[in-house]
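# Summary of structural features
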Amino acid sequence: MSANRSIGWGLIGASTIARQHMVAAIRAQAGCQVVAVCSSSPERAQAFAAEHSIDHAYSSVAGLLADPAVDAVYISTTNELHHAQVLLAAAAGKHVLCEKPLALNVEDALAMARACQRAGVQMATNHHLRNAATHRKIKEMLQAGAIGRPLFARVFHAVYLPPSLQGWRIDKPQAGGGVILDITVHDVDTLRFTLDAEPLEVAGMAQSAAMAKAGLEDGVMAVVRFDNGLLAQLHDAFTVKNAGTGIEYHGELGSIVGRNVMTQEAVGDIVLRNAQGEQLIAVEHENLYVRSVRMFCQALDGQGAPAATAQDGVRSLAAALAVAQACRSGQTQAIAAVSV
Ligand code: NDP
């Protein structure tokens, strides 16, 4: 960001992710301040503002957007609200960093991206895993031909949803709950990023085994075919405590194995296996959310694109929705190639 630029951020949503990661990530950028927060509950807005020393607390999105100190908004409300809130932010001329999934359907997500484009404001999606040093290193290795032509990928993203998050994710279909919109959307986005390829079709089966209610799924296994011919296997869940996370790429000349890399933390290891044996690859870890906000701010300064653009958010959502549809129908589902 240029030395004199100052960006006032407004938080739309007094959420866990804002509290645990994003307030600090915004404050880690030179010239960025968190100037306002809004919540549907005045008490929650006030409490969040007090807890984080934020000057202005609003109980409406309109109130926050009317604040001239707000240049950019970070939207981390429940998923059904993102669409209307992004449209309002674009109409108010505010830049938008929006949480995933962007919306509950592709049409709404496209409308959000196009509204920001028309308003001339930046819009990005907070797919944090693209910012992980591990996934960025894997992308470099794949591009350099470390495993030759990649044929298969396997994503291990079955985790245990902490009790504090066992709310709308497991019992509110209308809020976009369920493991597919929560986790599968990240898997697909990470694969799109590392492979520089787009998903074409998907088959899958979902499970509602231990936690989810109201027709929502708390586990899923899916197979995705990408336009470079690669097949990716995804395993996502809210319900298992000890599986560990990881990602693997298997190619004609070798395999890349990432362990403990499907996470919010700047951790994890990468190993390259080939005819020469096994090599631990050095990675310089960096906070994923700090990098996400930095890339966004640089994009505001005309220096490149955000880590995950609005278009990335739309395409990764389209693929996740196709997984959900494939699970419901029992049929292989084509993934629409959507462009903003
Ligand atoms: P939370 O459940 O913590 O917050 C979501 C909303 O719930 C808040 O905006 C808030 O509404 C409301 N809320 C918060 N606390 C309470 C309470 N005590 N009682 C009633 N309502 C409450 O969600 P998350 O932070 O886990 O997720 C928010 C968004 O961020 C989602 O879109 C999710 O998919 C995404 N996310 C992304 C991650 C990433 O790494 N990219 C990681 C985690 C989540 P209000 O704002 O009106 O106060």
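Here the structure is a predicted model, which is why all the values come from computation and not from measurement. (Residues numbered from 1 in each chain as written. Predicted model: local features only at pLDDT ≥ 70, side-chain atom pairs only at ≥ 80, totals over all residues. Heavy atoms only, no water.)

### Considerations on the pairing of strand E9 (residues 219-226)
Where strand E8 (residues 199-207) lies against E9, eight bridges are found, and the strand directions are antiparallel. Of the residues in E9, the one forming a bridge with Pro 199 is Phe 226. Two strands pair when backbone bridges link them, and E9 and strand E10 (residues 231-237) are joined in this way by seven bridges, in the antiparallel orientation. Looking at the pairing, Val 220 lines up with Asp 236 of E10. Connecting E9 to the antiparallel partner E10 that follows it, the hairpin turn spans four residues, and Gly 229 within it adopts a positive phi of roughly 90 degrees. (Pairing = 2+ DSSP bridges. Helix = DSSP H or I, 4+ residues; strand = E, 2+ residues; numbered from the N terminus.)

### Details of the site of the ligand
Looking at the ligand, there are 25 residues lining it, with Thr 16, Ser 39, Ser 40, Asn 79 and Tyr 289 nearest. Within the side chain of His 82, a nitrogen or oxygen atom sits 3.3 Å from an oxygen atom of the ligand. Glu 99 places a side-chain nitrogen or oxygen 3.0 Å from a nitrogen atom of the ligand. Elements supplying a minimum of two residues to the shell around the ligand: helix H1 (16-27), helix H7 (168-171) and helix H8 (179-195). Its residues assigned to classes, the shell around the ligand comprises six nonpolar, 14 polar and five charged. (Near = heavy atom within 4 Å. Polar contact = N/O pair within 3.5 Å; in protein donor to acceptor, adjacent residues only side chain to side chain. Nonpolar A, V, L, I, M, F, W, Y, C, P; charged D, E, K, R; others polar.)

### As for the packing of aromatic side chains
Inspection of the entire model under this criterion finds one aromatic pair. Relative to Phe 296, the ring of Trp 9 lies with its centre 5.3 Å away and its plane at 50 degrees, an arrangement referred to as tilted. Of this pair, Trp 9 sits in strand E1 (residues 7-12) while Phe 296 sits in helix H9 (residues 288-300), and the two are 287 residues apart along the sequence. No difference in accessibility class separates Trp 9 from Phe 296, as the two residues are buried. Over the ring of Tyr 160 we find Lys 241; its NZ or CZ atom is 4.5 Å from the centre of that ring. Sitting above the plane of the Phe 156 ring, Arg 259 keeps its charged end 5.7 Å from the centroid. (Phe/Tyr/Trp six-rings, centres within 6.5 Å; stacked < 30°, edge-to-face > 60°. Buried < 20%, exposed > 50% of the residue type's maximum accessible area, 1.4 Å probe, protein only. Lys NZ or Arg CZ within 6 Å of the ring centre and 35° of its normal.)

### Overview of the nonpolar core
Judged by nonpolar contacts, the single largest core of 103 residues is most densely connected at Trp 9, Leu 191 and Tyr 249. Take this core: its biggest share by element is 11 residues, from helix H10 (residues 310-329). When neighbours within four sequence positions are excluded, Tyr 249 is seen to be in contact with Ile 138, Leu 142, Ile 147, Phe 152, Ala 153, Leu 191, Thr 194, Leu 195, Gly 254, Ser 255 and Ile 256. (Core = buried A, V, L, I, M, F, W, Y, C linked by side-chain atoms within 4.5 Å. Contact = heavy atoms within 4.5 Å.)

### Notes on H10
Between its first and last C-alpha atoms H10 spans 28 Å; for 20 residues at 1.5 Å apiece the expected length is 28 Å, and the two agree. Within H10, 15 of the 20 residues are buried, which leaves the element mostly enclosed by the surrounding structure. Two or three places before Gln 311, at the start of H10, stands the capping residue Thr 309, its side-chain oxygen 3.3 Å from that residue's backbone nitrogen. Gly 330 sits one or two residues past H10 and shows a positive phi near 75 degrees. (Expected span 1.5 Å × (residues − 1).)

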